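The lines below spell out each chain.
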Amino acid sequence: MCVDGARLLGDLEALGRIGRVPGGGLTRTSFSAADAEARAWYRDRCAEAGLSVRVDGIGNMFVSSPDEEPALDGVPAVWSGSHLDSVPNGGRFDGALGALAALECVRRLHEERVRLSRPVRAVGYSDEEGNYSHLFGSSALVRGFTSADLEALTGRDGDRFVDTFTAAGWDLDRATRTTVDPAAIHSTVELHIEQGPALERLGHQIGIVSAIVGLGGGTITFRGRADHAGTTSMAMRKDALTAASALIVQFPDIARSVSDQAVVTAGIITVEPGAANVVPEVARMTVDFRDLDAAHLAALDRAITTAAHGVAARRGLDVRVDFEPAIPPSHMDDGIQRIIGESAAARGLLGSSLPSGAGHDSQNMAKLAPTGMIFVPSVGGRSHCPDEETADRDIVNGANVLLDTIIALARG
Ligand code: GLV
Ligand code: MN
Ligand code: MN
């Protein structure tokens, strides 16, 4: 059995037009108008295929066949999915591929009336890119959010989550009731683009993900003094932005001092008061650091915090480090890795085992059930940019391996 490759490619093309911005990238931030349009488009595809959709309080979507046998009621389900949201000016495959391939698999099983011993669900996780909180939708499934948690969340544009969410027509009371009983999930599997260069360099078509990096970070705020940009000598200044810069230039050395794989990124900096002729009083930056080893994550946290305090002390500024508890690295299930490898081999595809440097909802789902991930090559290893590209044949190969894996898991 195979997926309908042309239909899947058509779906990717159509979804890739939603949230398109000048220059060819797309911005589908969670709970934005583009996100609502993508969700409506996805639900239309489900309705057209005769599939049922359930949406939980935080916006995670669950798709199933209405023809499921009553005997499967209460039987732990096989979940497969990814996300519809994107980073600002992102590409059309990150998340979309896994969400649409899972939908295609459920659609094929429904069309062919395939009888399995476990229910299958296609899932679309909410706000994976973490405009409000990293891996938001799957975190809501794993640990839930209280009203106080939700009240504290802000997006990258400075909007409060609760305002944007309610303005988009969502119900805050339901948003706090989202956890799932792990006993309801048999296993989960996600197809995703690699977002790095390894498969392309090897000339392999399928990546069998061994582990997903752990991720730490939050914000660092330097506070100095606002002064006149023309009359304040360089020696007199307490410039918060040059302090932030002095920290950021240390990131490559800090990462190297911890491990070969460690990465550290400052992706957003905001400056106050933010005028060309005023020395910056406040510089606030996001910090994202990652490694495959939990001890290395802790070392990165310590090294960045120490360096930030060192910069502030030398320059006579205040600094505040607000790091959230790290999301630990996660290992993918050995049995599911084996199934993916066998499926790739049976289809005549070259597969190799590799870790993921990107974060995925699968690292949360691995806390609830055995979880696996399948990668397909990214052209030039590019992602989180408009140039994100994966060849059509790699997309269809990946979706077929996903279908085999779902069937193997749901047959038992
Ligand atoms: C998601 O793409 C992440 O790795 O942060
Ligand atoms: Mn993704
Ligand atoms: Mn992403």
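Thresholds applied
- Residues numbered from 1 in each chain as written.
- Chains lettered and ligands numbered in written order.
- Predicted model: local features only at pLDDT ≥ 70, side-chain atom pairs only at ≥ 80, totals over all residues.
- Heavy atoms only, no water.
- Domains from an automatic or database assignment.
- Contact = heavy atoms within 4.5 Å.
- Buried area = accessible area lost by both parts, 1.4 Å probe.
- Salt bridge = Lys/Arg side-chain N within 4 Å of Asp/Glu carboxyl O.
- Polar contact = N/O pair within 3.5 Å; in protein donor to acceptor, adjacent residues only side chain to side chain.
- Nonpolar A, V, L, I, M, F, W, Y, C, P; charged D, E, K, R; others polar.
- Helix = DSSP H or I, 4+ residues; strand = E, 2+ residues; numbered from the N terminus.
- Buried < 20%, exposed > 50% of the residue type's maximum accessible area, 1.4 Å probe, protein only.
- Donors = N, O, S within 2.8 Å, 3.2 Å for Na, K, Ca; no water.
- Near = heavy atom within 4 Å.
- Areas by Shrake-Rupley, 256 points an atom, 1.4 Å probe, with all protein chains shown as cover.
- Pairing = 2+ DSSP bridges.
- Right-handed = clockwise from strand over helix to strand, strands pointing away.

1. Some points on the domain arrangement of the protein chain
- When cut into domains, the protein chain gives domain 1 (5-213 + 329-411) and domain 2 (214-327).
- Averaged C-alpha coordinates put domain 1 and domain 2 at centres separated by 33 Å.
- With twelve residues of domain 1 at the interface, the matching set in domain 2 holds ten residues.
- Ranking the residues of domain 1 by area buried against domain 2 places His-134, Val-213 and Pro-329 at the top, with a combined share of 58%.
- Summed over the shared surface of domain 1 and domain 2, the result is zero salt bridges.
- On the surface where domain 1 and domain 2 come into contact, there are one residue pair in polar contact (both at pLDDT 80 or more).
- Looking at the side of domain 1 that touches domain 2, its residues break down into seven nonpolar, four polar and one charged.

2. As for unusual backbone geometry
- Cis geometry marks the peptide bond from Glu-272 to Pro-273; its omega dihedral reads 0 degrees.
- The topology assignment puts Pro-273 in the loop between strand E10 (269-272) and strand E11 (278-279).
- Phi at Gln-195 takes a positive value of approximately 70 degrees, unusual for a residue other than glycine.
- Structurally, the position occupied by Gln-195 is in the loop between strand E5 (185-193) and helix H8 (198-202).
- Within the chain, His-384 stands out as a residue other than glycine whose phi angle is a positive 60 degrees.
- Along the chain, the position of His-384 falls in the loop between strand E16 (371-376) and helix H14 (392-411).
- The partly exposed category is assigned to His-384, whose relative accessible area is 41%.

3. Observations concerning the coordination of the manganese ion (ligand 2)
- In the first shell of the manganese ion (ligand 2), the protein supplies His-83 (NE2), Asp-94 (OD) and His-192 (NE2), at 2.0 to 2.3 Å from the metal.
- The metal-metal distance between the manganese ion (ligand 2) and the manganese ion (ligand 3) comes to 3.6 Å, with Asp-94 coordinating both. Of this pair, Asp-94 sits in the loop between strand E3 (77-83) and helix H3 (96-111) while His-192 is found in strand E5, placing the two residues 98 residues apart along the sequence.

4. A word on the site of ligand 1
- Ligand 1 sits among Glu-128, Glu-129, His-134, Arg-290, Ala-358, Gly-359 and His-384.
- Within the side chain of Glu-129, a nitrogen or oxygen atom sits 3.1 Å from an oxygen atom of ligand 1.
- Take Gly-359: an N or O atom from its main chain is 2.7 Å from an oxygen atom of ligand 1.
- Across the complex, the protein chains shield 93% of the 200 Å² of accessible surface that ligand 1 would expose by itself.
- Split by residue class, the shell around ligand 1 holds one nonpolar, three polar and three charged.

5. What about the pairing of E3?
- Counting buried positions along E3 gives seven out of seven residues, so the element sits mostly inside the fold.
- Residues Ala-77, Trp-79, Gly-81 and His-83 line one face of E3 and the alternating positions Val-78, Ser-80 and Ser-82 line the opposite face, and both faces are buried.
- The pairing of E3 with E5 spans four bridges and is parallel. Bridging from a neighbouring strand, Trp-79 pairs with Thr-188 of E5.
- Pairing of E3 with strand E4 (residues 120-125), which is carried by six bridges, proceeds in the parallel orientation. Bridging across to E4, Ser-82 finds its partner in Gly-124.
- Each parallel crossover has a hand, and for E3 linked through H3 to E4 it is right-handed.

6. Looking at the pairing of strand E1 (residues 52-55)
- For E1 and strand E2 (residues 61-64), the ladder comprises four bridges, and the chain directions are antiparallel. Directly across from Arg-54, in E2, lies its bridge partner Phe-62.
- Hairpin connection between E1 and E2: a loop of five residues separates the two successive antiparallel strands, and Gly-59 in this loop has a positive phi of roughly 100 degrees.

7. A short note on the coordination of the manganese ion (ligand 3)
- The protein atoms that coordinate the manganese ion (ligand 3) are Asp-94 (OD), Glu-129 (OE), Glu-129 (OE) and His-384 (NE2), at distances of 2.0 to 2.6 Å.
- All donors of the manganese ion (ligand 3) belong to a single chain; written as a sequence motif, their spacing is D-x34-E-x254-H.
- Judged by its relative accessible area of 14%, Glu-129 is buried.

8. A look at the pattern of salt bridges
- Under the counting rule described, the total for this entry stands at 22 salt bridges.
- When the shortest N-O distance is used, the salt bridge between Glu-111 and Arg-108 registers 2.9 Å. On the criterion of helical spacing, the pair formed by Glu-111 and Arg-108 is a turn pair, its members being three residues apart in helix H3.
- Exposure remark for Glu-111: the relative accessible area of 38% places this residue in the partly exposed category.
- The class of Arg-108 is buried, set by a relative accessible area of 14%.

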